Amino acid sequence: MVGIRFVLLVSLVIAAAVSAQQCEVCKKVLDDVMAKVPSADKSKPDAIGKVIREHCETTRNKEHKFCFYIGALPESATSIMNEVTKPLSWSMPTDKVCNDKLKSKDAQICELKYDKPLDWKTIDLKKMRVKELKNILGEWGEACKGCTEKSEFIKRIEELKPKYVKDEL
């Protein structure tokens with residue numbers, strides 16, 4: 001009897017951990033957006049949609065891709081903004097909007113995950129691939145124009161590291 005309870009408890013903990021990891025980009029973006037929406041407009045889908053579009057103008061990487069998927073960007077092919085704004089205007093929690101409403105419309109939304117942060121104290125840039133080095137620069141919103149060799153990308157990252165990696169060094 002105790003064994004069955006233990007197995008049930010462990011399975012519930014694992015299920016909670018898995019659901020916490022699902023739709024992490026969606027939850028973060030919608031939480032950020034709802035923090036920007038004025039209290040008087042939290043029940044107005046049009047006002048929420050306007051704030052989402054404004055927020056999405058400044059996003060990059062995974063968050064930008066999420067905005068593209070929901071149709072909050074001008075270049076988006078389709079829009080499911082109503083599936084986002086209406087439930088938020090009803091005060092539905094963002095994790096419910098992401099997991100219940102959006103996941104059924106477009107599964108790609110919940111497949112977006114943030115990359116693991118790099119450990120700058122132990123990282124060896126020389127052992128990384130050029131693609132990974134380009135991704136680091138892309139996350140910082142920087143570029144390495146004219147770079148053709150791996151050593152040039154490494155040099156550029158080393159130049160910019162003090163600007164973007166202050167607290168970790």
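The structure we're discussing is the one just above.
Now for a look at the structure at hand. Every value quoted in this text rests on a predicted model; they were computed, and no experiment measured them.

Considering the overall build of the protein chain
Thinking step 1. Counting its regular elements, the protein chain contains nine helices and zero strands.
Thinking step 2. Starting at the N terminus and walking to the C terminus, you meet the elements of the protein chain as α-α-α-α-α-α-α-α-α.
Thinking step 3. When burial is assessed residue by residue, the protein chain has 33% of its 169 residues classed as buried.
Thinking step 4. Pairs at least 24 apart in sequence give 51% of the contacts found in the protein chain among residues at least 6 apart.
Thinking step 5. Carbon and sulfur atoms provide 54% of the accessible area of the protein chain, an area that totals close to 11100 Å².

Description of the state of the cysteines
Thinking step 1. Tallying each qualifying case throughout the model produces four disulfides.
Thinking step 2. The disulfide bridge from Cys-56 ends at Cys-67, spanning 2.0 Å between sulfur atoms. Taking the sign of the torsion about the S-S bond as the criterion, the disulfide between Cys-56 and Cys-67, at about -70°, is left-handed. Separated by eleven residues along the polypeptide, Cys-56 in helix H3 (residues 45-56) and Cys-67 in helix H4 (residues 61-70) bring together distant segments of the chain. Cys-67 carries the same exposure label as Cys-56, and that label is buried.

Section: the packing of aromatic side chains
Thinking step 1. Under the criterion given, the structure shown has three aromatic pairs.
Thinking step 2. By the ring-pair criterion, three or more aromatic residues cluster together here, those being Trp-120, Trp-140 and Tyr-164.

With respect to helix H6 (residues 94-105)
Thinking step 1. Under the 1.5 Å per step criterion, the end-to-end length of H6 is 15 Å for twelve residues, consistent within 8% with the ideal 16 Å.
Thinking step 2. For H6, the set of buried residues is Thr-94, Val-97, Cys-98 and Leu-102. Summarising the axial view, the buried residues of H6 lie within an arc of 90°, below the 170-degree limit, and thus occupy one face.
Thinking step 3. Packed against the buried residues of H6 are helix H2 (24-36), H4, helix H5 (81-89) and helix H7 (108-111).

Regarding the nonpolar core
Thinking step 1. Formed by 28 residues in total, the largest nonpolar core has its most connected members in Cys-26, Leu-30, Ile-52, Phe-66, Ile-70, Leu-102 and Ile-109.
Thinking step 2. Looking at this core, the elements that each hand over two or more residues are H2, H3, H4, H5, H6 and H7.
Thinking step 3. The residues contacting Ile-52, other than those within four sequence positions of it, are Val-33, Ile-70, Ala-72, Met-81, Val-84 and Thr-85.
Thinking step 4. If you look at the next biggest cluster of nonpolar residues, it comprises 14 residues, including Trp-120, Leu-125, Leu-133 and Ile-157.

Some words on the environment of Gly-49
Thinking step 1. Positionally, Gly-49 belongs in helix H3.
Thinking step 2. Residue classification places Gly-49 among the buried positions, given a relative accessible area of 3%.
Thinking step 3. The spatial distance from the C-alpha of Gly-49 to the C-alpha of Asn-82 is 8.2 Å, given a sequence separation of 33 residues.
Thinking step 4. Those residues in contact with Gly-49 that lie beyond four places of it in its chain are Met-81 and Thr-85.

Structural notes on the packing of H2 against H4
Thinking step 1. Running from amino to carboxyl end, H2 crosses H4 at an angle of 85°, the nearest separation of the two axes being 10 Å. The angle between the axes of H2 and H4 places the two elements in the roughly perpendicular class. Residues Val-25, Cys-26, Lys-28, Val-29 and Leu-30 of H2 touch H4, and the partners they reach there are Lys-62, Glu-63 and Phe-66.
Thinking step 2. By residue class, the composition of the contact of H2 with H4 is five nonpolar, no polar and three charged.

How each quantity is defined
Residues numbered from 1 in each chain as written. Predicted model: local features only at pLDDT ≥ 70, side-chain atom pairs only at ≥ 80, totals over all residues. Heavy atoms only, no water. Helix = DSSP H or I, 4+ residues; strand = E, 2+ residues; numbered from the N terminus. Buried < 20%, exposed > 50% of the residue type's maximum accessible area, 1.4 Å probe, protein only. Contact = heavy atoms within 4.5 Å. Areas by Shrake-Rupley, 256 points an atom, 1.4 Å probe, with all protein chains shown as cover. Disulfide = S-S within 2.5 Å. Phe/Tyr/Trp six-rings, centres within 6.5 Å; stacked < 30°, edge-to-face > 60°. Expected span 1.5 Å × (residues − 1). Arc of directions from axis to C-beta. Core = buried A, V, L, I, M, F, W, Y, C linked by side-chain atoms within 4.5 Å. Axes fitted to C-alpha atoms, helices over the stretch in contact; angles between N-to-C directions. Parallel < 35°, antiparallel > 145°, perpendicular 65-115°, else oblique. Nonpolar A, V, L, I, M, F, W, Y, C, P; charged D, E, K, R; others polar.

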